[in-house]
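# Breakdown of the fold
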Amino acid sequence: MPASAPSSSNTLSARIGRLLTWRRLPGGPRAPAAKRPPATLAVEGLPERIAALPTRMNTAITGPDDAHFHRWQQQLLRSLLASARGVFVVADTPQAMDRLLAPPDLQEALQQGRIQPWILPLEAQAHIAQRRLAELLSELHTAGLRPHHALLCTNATGLLQRTRLVHLERMSGQWVHWARQRHRASVWCFTVEVGQPHIRSIISALARSFLYAAHLEVHATEPGLVLERWDSPQGALFNTRYGLEPAPDGLLRANGSIVRGSTARLAQAPDAEVVYATQACLNELRALPQHWNAVDNWQAAESAVQSAIGATVLLDAGAPEQFEALATLVHRLRSTHPPTLKIAVRETSAKLRSHHERALLQLGANEVFYAEMRMARVVRQVQKMRDQVYMSDLQQDWKTILADFLPVPEQGYQPPSRFIALVRDMLERAQRQDLNHAMVQFHLLPHVSHSMALKAYCGTRSGDLLTADAHSLWLFLYTCREVDVDPTIERLFYTPSTNLFSSQTTHIQLPGIAQQLRLLMEENEQHPLPDYSQMRGAEPAAARERATAGSAATAIVPPVTAQPLPAVAASPAPAPAAALTWQAHPLGRRPATQEGAP
């Protein structure tokens with residue numbers, strides 16, 4: 001028979017096969033099973049393509065114990081059900097399992113046997129981790145897990161708690177070997193509880209066990225999907241964050257923003273170039289730049305950015321008495337918007353003090369622009385802000401934070417005991433917020449009395465306090481930097497300080513200021529220091545008006561010759577105080593170096 005001629009048996013078998021297929025008899029060839037789609041991260045609308053959940057390797061997912069993470073786990077379970085004939089689900093408590101399977105479609109899959117639930121408490125996980133992970137993997141097989149099943153563990157934190165490095169290394173190899181034998185995705189979720197940020201660090205170190213790692217983060221009210229390491233058609237992705245938002249049905253979906261890198265820079269957002277600025281910030285502009293929008297006031301700005309994602313809002317600082325309202329608005333905007341929203345504040349009618357600027361930055365502002373900055377430069381700075389992301393931890397107790405930044409309402413002269421109490425209170429708050437203060441001791445000239453020096457003081461800022469001991473004056477300057485001490489002193493007295501004081505000693509570090517307060521308190525307890533409150537209260541109204549006008553001026557007030565008054569009798573000389581490391585210097589000469597705190 002020629003080699004090219006088909007055999008009679010093969011021809012007959014082909015005809016019978018075609019006949020059975022046409023008649024769809026039971027003995028005919030079966031139609032191929034529909035190919036199941038691969039499991040994914042189950043987040044709709046991601047702005048770029050990423051790889052599906054891998055098979056034959058483990059995937060680690062972390063997130064907080066909140067509603068966002070619970071809904072995402074339900075979305076992951078639906079994706080796993082679509083990719084496999086069944087899903088083996090492990091939870092740490094029965095309550096967690098009930099919450100996961102609460103939706104009707106998941107209940108139906110459970111009744112159909114497509115979901116196999118299993119409870120593994122955290123205590124048992126920790127016990128297994130300290131012995132051998134192979135026992136857990138073997139137990140999963142005994143409970144019904146097969147290679148064709150997908151795996152979803154809702155909380156495997158116990159496997160990583162109180163685990164030594166040698167155990168982690170051994171577990172890593174066992175995890176890898178086990179995953180290579182599986183044909184479906186294996187997803188291990190780790191709940192990051194408050195006070196347990198080390199879980200993510202361990203996941204980062206276990207790159208061999210979990211080649212793919214993703215995290216759910218929540219900044220303010222916006223959740224975000226962070227791909228610590230993942231694959232994509234464009235190549236591997238590292239430290240990429242996609243902004244998320246709840247859809248009307250409660251599921252998480254992408255909002256279009258992309259943040260890349262460990263330093264968190266905005267790469268993409270649908271409104272990244274849009275700027276909303278209050279009208280008070282735009283008085284110097286003849287025409288608005290492209291993508292800029294003018295709003296009337298703070299309230300209009302808040303309404304305009306209600307649905308903003310990556311836009312910029314530029315607020316005017318307003319008047320000094322409006323600062324608390326401004327700080328409240330900044331914190332509300334930051335706590336109700338994604339971290340990709342940029343918030344800037346510009347000084348307009350009045351200058352902000354340094355502690356005001358620090359408070360705004362901690363409450364959620366990205367930048368503070370000074371009044372001296374021309375509008376053209378402000379526009380350039382706003383353009384440079386487009387890729388900024390506010391990733392600092394935002395405290396919810398903003399009222400306490402704001403109170404720490406604000407000085408006491410008292411100002412000017414205070415009796416020694418009251419002065420010590422007020423300064424101590426401000427020092428305690430300064431330590432919590434890392435504020436810098438200054439305290440200066442003025443040594444009076446022989447012919448200048450305490451009353452003459454006190455009459456020459458014209459400061460009106462809250463928190464700037466003055467008192468006196470037997471031989472000198474003490475001035476506390478709230479949030480005053482070292483370089484600003486001397487210019488500030490010249491503005492606080494009607495006459496040049498060289499006409500009143502022979503020398504001054506400046507303390508600019510908190511421990512040094514606290515030591516001086518202790519010495520002043522001991523001196524006051526041994527020999528009560530004089531109280532000049534009545535003398536200051538009897539000051540003529542015209543002098544008080546001049547003081548108010550002088551504090552409002554930005555330039556140095558011209559010197560005014562003070563009328564000599566009879567010196568007030570000083571109290572008995574105090575006991576010798578402990579030697580200090582600071583050295584007084586004459587006001588006519590500037591020392592080369594500033595003494596430091598002990």
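What you see is a predicted model; the values in this text were computed from it and never measured.

Turning to the overall build of the protein chain, a few remarks are in order. On a plain count of helices and strands, the protein chain comes out with 19 helices and 21 strands. By the burial criterion, 50% of the 598 residues in the protein chain qualify as buried. When contacts within the protein chain are restricted to residue pairs at least 6 apart in sequence, long-range pairs at least 24 apart make up 72% of them. Entry remark: accessible area of the protein chain is about 29700 Å², with carbon and sulfur atoms responsible for 53%.

Positive phi, normally seen in glycine, also occurs at Asn239, with a value near 50°. In this structure, Asn239 sits in strand S8 (residues 237-246). Of the residues examined, Asn239 reaches a relative accessible area of 33% and is grouped as partly exposed. Even without a glycine there, the phi angle at Ala264 is positive, about 55°. Residue placement: Ala264 occurs in the loop between strand S9 (252-260) and strand S10 (265-268).

With that settled, consider the nonpolar core. Residues Leu315, Leu360, Phe419 and Phe476 are the most contacted members of the largest nonpolar core, which totals 49 residues. It is helix H14 (residues 416-433) that contributes the most residues to this core, seven residues altogether. Ignoring any residue separated from it by four or fewer positions in sequence, one finds Phe476 in contact with Phe419, Val423, Met426, Leu427, His437, Ala438, Met439, Gly463, Asp464, Leu465 and Ile513. Counting residues in each nonpolar core, the second largest holds 42 residues, with Val43, Ile61, Leu76 and Ala109 among its members.

This next bit is on empty space enclosed by the protein. Empty space left among the atoms is revealed by rolling a probe the size of a water molecule over them. For the structure shown, the criterion picks out one cavity of 30 Å³ or more. Reported here for the largest cavity is a volume of approximately 30 Å³. If you trace the largest cavity, you find it lined by Val90, Leu120, Leu136, Leu140, Cys153, Leu159 and Trp188. Residue composition of the lining of the largest cavity, by class: seven nonpolar, no polar and no charged.

Within the protein chain, residue pLDDT values average 82, and 83% of them lie at 70 or more. Scored below 50 in pLDDT, residues 1-28 shows seven contacts in the model against residues more than four places distant or in partner chains. Here residues 537-598 is a poorly scored stretch, pLDDT under 50, and it has 84 contacts once near neighbours within four places are set aside; other chains count.

Moving on to the sheet that holds strand S1 (residues 58-64). Strand order in the open sheet made by the 10 strands is S3-S2-S4-S5-S1-S6-S7-S8-S9-S10, with mixed pairing throughout. One side of each edge strand has no neighbouring strand; the edge strands of this open sheet are strand S3 (115-119) and S10. Sheet twist, expressed as the mean angle between neighbouring strand axes with direction ignored, is 25°. Bridging between strand S6 (residues 212-219) and strand S7 (residues 222-230) involves seven bridges; their strand directions are antiparallel. Pairing of Ala213 across the sheet is with Arg229, part of S7.

With that settled, the discussion passes to the packing of aromatic side chains. The full count for this structure, using the stated rule, is 12 aromatic pairs. Between Phe88 and Trp118 the ring centres are 6.2 Å apart and the planes differ by 50°, which places this aromatic pair in the tilted class. Separated by 30 residues along the polypeptide, Phe88 in strand S2 (residues 87-91) and Trp118 in strand S3 bring together distant segments of the chain. Side by side, Phe88 and Trp118 carry an identical accessibility label, which is buried.

Turning our attention to the environment of Leu341. With respect to the helices and strands, the residue Leu341 is situated in the loop between helix H10 (323-335) and strand S14 (342-346). On a C-alpha basis, the gap between Leu341 and Asp387 in space is 9.8 Å, while along the polypeptide they are 46 residues apart. Apart from residues lying up to four places away in sequence, Leu341 is in contact with Ala308, Ile309, Ala311, Leu333, Arg334 and Asn366.

What follows concerns the pattern of salt bridges. Inspection of every chain in the model, using the stated rule, returns 18 salt bridges. Two residues, Arg78 and Asp105, come together in a salt bridge whose shortest N-O distance is 2.6 Å. Residue Arg78 is located in helix H2 (residues 67-83), and its partner Asp105 is located in helix H4 (residues 104-111); the two are separated by 27 residues in the primary sequence. Assessed through its relative accessible area of 35%, Asp105 is described here as partly exposed.

Quick notes on the rules
- Residues numbered from 1 in each chain as written.
- Predicted model: local features only at pLDDT ≥ 70, side-chain atom pairs only at ≥ 80, totals over all residues.
- Heavy atoms only, no water.
- Helix = DSSP H or I, 4+ residues; strand = E, 2+ residues; numbered from the N terminus.
- Buried < 20%, exposed > 50% of the residue type's maximum accessible area, 1.4 Å probe, protein only.
- Contact = heavy atoms within 4.5 Å.
- Areas by Shrake-Rupley, 256 points an atom, 1.4 Å probe, with all protein chains shown as cover.
- Core = buried A, V, L, I, M, F, W, Y, C linked by side-chain atoms within 4.5 Å.
- 1 Å grid on protein atoms, 1.4 Å probe; cavity = no way out; pocket = protein on both sides within 12 Å on 5 of 7 lines; lining within 4 Å.
- Points joined across faces, edges and corners; volume = space filled by probe spheres on them.
- Nonpolar A, V, L, I, M, F, W, Y, C, P; charged D, E, K, R; others polar.
- pLDDT = per-residue confidence, 0-100.
- Pairing = 2+ DSSP bridges.
- Axes fitted to C-alpha atoms, helices over the stretch in contact; angles between N-to-C directions.
- Phe/Tyr/Trp six-rings, centres within 6.5 Å; stacked < 30°, edge-to-face > 60°.
- Salt bridge = Lys/Arg side-chain N within 4 Å of Asp/Glu carboxyl O.

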